[in-house]
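# Fold and geometry: a report
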Amino acid sequence: MSKDLLFEIGVEELPSTYVAPALDQMEREAAQGLAALRLPHGAIRSYGTPRRLTIAIEAVAERQSDLDEEAMGPATRVAFDAEGKPTRALIGFCAGKGVDPAAVRRVQTPKGEYVAVTVHHEGQPASSVLPAMLADVARRLTFPKRMRWLELDDAKAAGKANAGDFFARPVRWLLALLGDKELEVKAFRLTASHESFGHRFLAPSRVKVKRASDYAATLEKAHVIADHVRRRAMIEEQAAGQAARAGGRVVKDDELVDINTFMVEWPTVFTGGFDPHYLDLPREVIVTALREHQRFFAVERDDGDLLPSFLAVRNGDDRGIAQVIRGNEDVLIARLEDARFYWKTDLEKTPEQRVDDLSNVVWIEGLGSLREKAARLESLGEWLAARLAPDAAGAVRRAARLCKTDLLTEMIGSGKEYASLEGVMGGYYARQAGESDAVATAIAEHYRPRGPADALPASDAGAILSLADKLDHVAGSFVGGKVPSGSEDPYGVRRAGNGVVRILIEQQRPFDLRDASMESTRPLFAADPELPHGEIMKKLGEFWRGRVEAALDDRGVAYDARDAAMEARLRPAGATQARPGWIDPADALSRARTLSEFRADRRFEPLAILFKRVSNILTKNTETLPQTADRARLKEPVEKALSEALESARAATEPLWRERSYGAIIPALLELEAPIHAFFDGVLVNAEDRDLRLARLALLAEVRELFLRGWDLSRVVVEGERSA
């Protein structure tokens, strides 16, 4: 037998961003709690509004399943005395388990003979074990910020550290039902009941939920759409209809839809308007004015131009809607007037006229001003352009000089809702001052990507300036001791590093992160020769390796293919030393994916096993090997065959390495499987003759080095290792 379970936490209005994560926690904690209680169940779903966090679980068993627990007791020599009678140790153990000492049995273990007993736990009714579990679910919810609230009867305890209750907002009621029966859940000095509450204004009285399965329908009668998925769909549908009636479409903003979804319980979308003369402001300014404080949606024509209209979501019905519209329009006009003032004031000075003022703004404490940062960006941007897009060098240099000047403007520097438009506004100001489109675009794009979902810079100059800005940010943070630690990253260093790797991978730009680290730290080291250069560079290398590893993981690369590619020893043209396989993110991803594609080849796994054998032999060797094998000493047919196959593979792959044609390289390497296998079968590598032994080891080292130009196959997990 089973019944549906319902648990609702009623609260004062929660911030919209708190609701969805809390529901995820509730679902996860409830599933774990039911499993621990041995209560089988059906689907778990959640309902969330600003005033309630709810989980509904189908078909929860009415009784726990029985459990037989095997409990190990003390050693036999401790459990029984010399006469074979139970000792106090055994009696105490049995009392704790609720069994008679006669029920124990002797068992042999690796540590000797012990006593053991089977303890039968009879399942309890779900109604008796669920309350404590649900109370724990409620108390264990975490939020970005929690508050403590005190009731009147807490007055005497107000000075005590633990007085009051902690939650995101005060908890006002609890509802808990198993089928149609109340569960006596006690938390926050409340006891759960059958009762919830309707909409705060449209139906503020108590609402009785007769049974768990009636929850959503009962609340809807009280003007609460508890299902946030349905509420979101209602908002989208109403908004689309309102926008069409205004002659346009909603400017897409999924995050804003989510915010509005968790701000209301009974959504009604309405249309407002503003004077068309505000449309001469930059589009982003208008959209931000609508969005940030008012949570309004912008409306655009099919050609992308904004309309002088907005959409808003009311938490209620359409009664008195005309007055609501007027009030919202008045608030919006004030916002747009502020924006117009900032815009006109900012245009009184050109970006060039603000450059020297950057000297008055500290970038990172101990690392100089924004003016000094701009100078570094000019130099680093020029260095990057020479390697990635020489034609963009002029635009990059000019944009680097001007890109931080919008931080001094009223629009951005005011600290109000438009601060998120840094860079974007800089592009507008540059255009208004007569800068080229390439320069203005680079300035507008240089903060991209701000996060994993943000668009990349579309222009070469924008991408290069973004790389320069982020590389300088990472280098400066490490030099200044602002290194991210654990989950803490207050300076956004990981975000900057991830942005660099995203640009390089998604735009397929060949690039050496180690060279970039050296170039980006060079002016900082020059300014302070006392810095521990070696230590900082080592930490930077570890940081970039971690960012590349995370990027490959995010793109679904298997961990062993990822490691095989990242642990390669690259040999770029002109390089005197091999470089680690992670330094070029786009190349590392390409090699990892290519390796994954060839795993189905029947020769691949035997070759990987042989490569592991080669690596193990060479790792164990303690002798200094010559650079190349002494071919004159390799007289056995299998030695000559492997040497010839190696030379053939080298000749076939050399131009392919330069072209990064990895899909053509692996087939050539796969041809080495048979001669390597024959070599191991035909000769003893560690021969007694030292010169012969070194020649054979050197030959194997040459084989390994050829593979290591793209992959360290010793990192690949083969079938036997998987099953192990």
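This text goes with the structure placed above it.
Here's what I pulled together on the structure shown here. Numbering of residues begins from 1 in every chain and follows the order in which that chain's sequence is written. Two thresholds apply to this predicted model, a pLDDT of at least 70 for residue-level local features and 80 or more for giving and counting side-chain atom pairs, whereas whole-chain, interface and lining totals are computed over all residues. Values reported for side chains reflect all heavy atoms of the structure, with hydrogen atoms and water molecules removed beforehand.

Right, let's talk about the sheet that holds strand 15 (residues 249-250) for a bit. Two strands pair under a simple rule: DSSP has to find at least two bridges between them. Here a strand is any run of E in DSSP of at least two residues, a helix any run of H or I of at least four, and the numbering for each starts at the N terminus. If you trace the 4 strands from one edge of the open sheet to the other, you get 15-17-18-16, paired in antiparallel fashion. For this open sheet the edge positions go to strand 15 and strand 16 (267-273), each flanked by a neighbour on one side alone. Two strands pair when backbone bridges link them, and strand 16 and strand 18 (residues 306-315) are joined in this way by 7 bridges, in the antiparallel orientation. The residue of strand 18 that forms the bridge with V269 is V313. Any two residues whose heavy atoms approach within 4.5 Å at even a single point are treated as in contact. Axes here refer to lines fitted to C-alpha atoms; in helices the fit is confined to the stretch in contact. Angles between the N-to-C directions go from 0 to 180 degrees. Relative to the sheet, helix 6 (residues 228-245) contacts strand 15, strand 16, strand 17 (297-300) and strand 18, its axis offset from that of strand 16 by approximately 30°. Its contacts with the sheet put helix 9 (residues 321-346) on strand 16 and strand 18, and the angle it makes with strand 16 is roughly 55°.

The subject of this paragraph is the sheet that holds strand 4 (residues 67-75). Reading across the sheet, the 3 strands line up as 4-6-5 and stay open at both edges, with antiparallel pairing between neighbours. Both outer strands of the open sheet, strand 4 and strand 5 (105-109), are each paired with one neighbouring strand and no more. Neighbouring strand axes in the sheet, compared pairwise and without regard to direction, differ in orientation by 40° on average. The strands that helix 3 (residues 88-97) touches are strand 4 and strand 6 (112-121); relative to strand 4, the one it contacts most, it runs at about 165°.

This part takes up the pairing of strand 5. Here strand 5 pairs with strand 6 via 5 bridges, running antiparallel. Residue pairing for strand 6: Q108 is matched across the bridge by E113. In textbook terms, the turn of a hairpin is the stretch between consecutive antiparallel strands, and for strand 5 and strand 6 this stretch comprises 2 residues.

With that settled, the discussion passes to helix 4 (residues 126-139). The end-to-end C-alpha separation of helix 4 is 20 Å, in line with the 20 Å expected for 14 residues at 1.5 Å each. Only protein chains enter the calculation, and the probe is 1.4 Å; a residue is then buried if its accessible area is under 20% of its type maximum, exposed if over 50%, and partly exposed in between. Of the positions making up helix 4, those classed as buried are A126, V129, L130, P131, M133, L134, A135, V137 and A138. Where helix 4 is buried, its residues touch strand 1 (2-11), helix 1 (16-36), strand 3 (52-61), strand 8 (165-167), strand 9 (171-178) and strand 11 (186-187). A helix is expected to span 1.5 Å for every residue after the first.

The pairing test for Phe, Tyr and Trp rings, Trp by its six-membered ring, is centres within 6.5 Å, and the orientation test on the planes gives stacked under 30 degrees, edge-to-face over 60, and tilted for anything in between. Within the structure shown, the criterion is met by 17 aromatic pairs. Measuring from ring centre to ring centre gives 6.4 Å for W343 and Y428, while their planes differ by 85°; the resulting arrangement is edge-to-face. With W343 in helix 9 and Y428 in helix 14 (residues 424-432), this pair connects stretches of sequence that are 85 residues apart. Residue classification places Y428 among the partly exposed positions, given a relative accessible area of 25%. Ring centres of W657 and W711 lie 6.0 Å apart, and the angle between their planes is 45°; on these two criteria the pair is classed as tilted. With W657 in helix 23 (residues 637-659) and W711 in the loop between helix 26 (690-708) and helix 27 (719-723), this pair connects stretches of sequence that are 54 residues apart. For the pair formed by W657 and W711, the shared burial category is buried. Put simply, the rings of Y18, F143, F167 and F188 touch in pairs and so form one group of aromatic residues. Charge-over-ring placement is defined geometrically: NZ (Lys) or CZ (Arg) within 6 Å of the ring centre, and within 35 degrees of the ring normal. The ring of F680 carries R613 above its face, with NZ or CZ at 4.1 Å from the centroid.

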